[in-house]
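# Breakdown of the fold
So the chains spell out like this:
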Amino acid sequence: MSDAQPLRRARFIKSAHELIHLPPDSGREVAICGRSNAGKSSAINAICDQGKLARTSKTPGRTQQLVYFEVAPERHLVDLPGYGYAKVPLALREHWQGVLEGFFMHRQALCGLIVVMDIRHPMKEFDQQMLAFAAARGLPGHVLLTKADKISRGAQAKTLLAVRRELGQRIGAQLFSATDGTGLDEARLVLRGWLGV
Ligand code: GDP
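Residues numbered from 1 in each chain as written. Predicted model: local features only at pLDDT ≥ 70, side-chain atom pairs only at ≥ 80, totals over all residues. Heavy atoms only, no water.

## Brief notes about the overall build of the chain
Scanning the chain from N- to C-terminus turns up 6 helices and 7 strands. The order of α-helices and β-strands along the chain, N terminus first, is α-β-β-α-β-β-α-β-α-β-α-β-α. Relative to its length of 197 residues, the chain is compact, with a C-alpha radius of gyration of 15 Å against a globular reference of 16 Å. Taking the principal axes of its C-alpha atoms as reference, the chain extends roughly 45 × 40 × 35 Å. Counting the 197 residues in the chain, one finds 49% classified as buried. A separation of at least 24 residues holds for 76% of the contacts in the chain among residues at least 6 apart in sequence. Only carbon and sulfur atoms are counted for the fraction: they give 51% of the accessible area of the chain, which is about 9500 Å². Between the averaged position of the 27 positive side-chain charges in the chain and that of its 18 negative side-chain charges there is a distance of 4 Å. (Helix = DSSP H or I, 4+ residues; strand = E, 2+ residues; numbered from the N terminus. Rg over C-alpha atoms; globule rule 2.2 N^0.38 Å. Buried < 20%, exposed > 50% of the residue type's maximum accessible area, 1.4 Å probe, protein only. Contact = heavy atoms within 4.5 Å. Areas by Shrake-Rupley, 256 points an atom, 1.4 Å probe, with all protein chains shown as cover. Lys, Arg positive; Asp, Glu negative; His and termini not counted. Charge placed at Lys NZ, Arg CZ, Asp CG, Glu CD.)

## Observations regarding the pairing of strand β6 (residues 141-146)
Of all 6 residues that make up β6, 6 are buried, and the element is covered over most of its length. In terms of strand pairing, strand β5 (residues 110-118) meets β6 through 6 bridges, oriented parallel. Across the sheet, the residue bridging to V115 is V143, located in β6. The handedness of the β5 to β6 crossover, carried by helix α4 (residues 125-136), is right-handed. Summarising the sheet, β6 and strand β7 (residues 171-175) pair through 5 bridges and their orientation is parallel. Considered in β7, the bridge of L145 is made with L175. The handedness of the β6 to β7 crossover, carried by helix α5 (residues 153-167), is right-handed. (Pairing = 2+ DSSP bridges. Right-handed = clockwise from strand over helix to strand, strands pointing away.)

## Let's talk about the nonpolar core
Most often, soluble globular proteins have nonpolar side chains that are buried together. Membership of the largest hydrophobic core comes to 34 residues, with the highest contact counts inside it found for L66, L80, F103, F104, L113, L131 and V143. For this core, the secondary structure elements donating two or more residues are β2 (28-34), β3 (66-72), α3 (90-106), β5, α4, β6, α5 and β7. With residues near it in sequence (within four places) discarded, F103 still touches L19, L22, E29, A31, L66, Y68, V78, L80, L110 and R137. Formed by 27 residues, the second largest nonpolar core is a distinct cluster that contains I32, I47, C48 and L77. (Core = buried A, V, L, I, M, F, W, Y, C linked by side-chain atoms within 4.5 Å.)

## Observations concerning the pairing of β5
Of all 9 residues that make up β5, 9 are buried, and the element is covered over most of its length. Note: β2 against β5, 6 bridges, orientation parallel. Counted as the bridge partner of G34 is V116 from β5.

## Side note on helix α6 (residues 184-195)
With 12 residues, α6 should reach 16 Å at 1.5 Å per residue; the first-to-last C-alpha distance of 16 Å fits that figure. Restricting attention to buried positions, one finds in α6 the residues L184, A187, R188, V190, L191, R192, W194 and L195. (Expected span 1.5 Å × (residues − 1).)

## Observations concerning the site of the ligand
Near the ligand there are 18 residues, and of these K40, S41, S42, D149 and T179 occur at the shortest range. For the ligand, a nitrogen atom lies 2.7 Å from a polar atom in the side chain of D149. A distance of 2.9 Å is found between an oxygen atom of the ligand and a backbone nitrogen or oxygen belonging to A178. Out of a free accessible area of 570 Å², the ligand has 81% covered by protein chains. The element contributing the most residues to the shell around the ligand is helix α2 (residues 40-47), with 3 residues. Across the shell around the ligand, the residue classes tally to 2 nonpolar, 10 polar and 6 charged. (Near = heavy atom within 4 Å. Polar contact = N/O pair within 3.5 Å; in protein donor to acceptor, adjacent residues only side chain to side chain. Nonpolar A, V, L, I, M, F, W, Y, C, P; charged D, E, K, R; others polar.)

Below you can see the structure in the form of structure tokens.
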């Protein structure tokens, strides 16, 4: 139903370590975040139908920067840094927490947040924090429960229901798998709707 066409044109434009290095704050952008290893890069690659758009890596916590992809003029997808491994030092976590909080508070172009969660480990502290930042600004949120292919249909349905209950009415949640394509259309619809592409 929702084809990938506009998203297929997504291209990397820049990455920034600090908020002052972000592109001009105009147009519309959707942020996508997730804990390290949740499957965020794979989700971005699958949604945009481009194998190497976002780097997938088994090395956790490698990138600590906001990565901008242009989908159309003034329409961006922003890959936010994730963490979630004990080996990331506390000071670095706190630094990134501050950067992300500032981003959510002040970025006018930001119009929605997608949170990627490993369906086997949903709604961790990082995920809840990011959703709370978005809610504080009144931004819509949407959760991708990824790696759905790793658990049974029954377990998928059970987790989806539990997560939806926890999220309440205002934030959507869906099953997703970059490996077998589960939920691709639904995720693209949300993204394209928010970006208006
Ligand atoms: P990121 O750190 O959140 O960007 O995670 P990656 O996209 O690099 O994925 C982490 C690991 O999970 C990699 O080994 C991926 O191949 C694997 N992975 C990601 N998405 C899926 C999925 O939908 N299904 C399965 N089975 N593995 C996945």
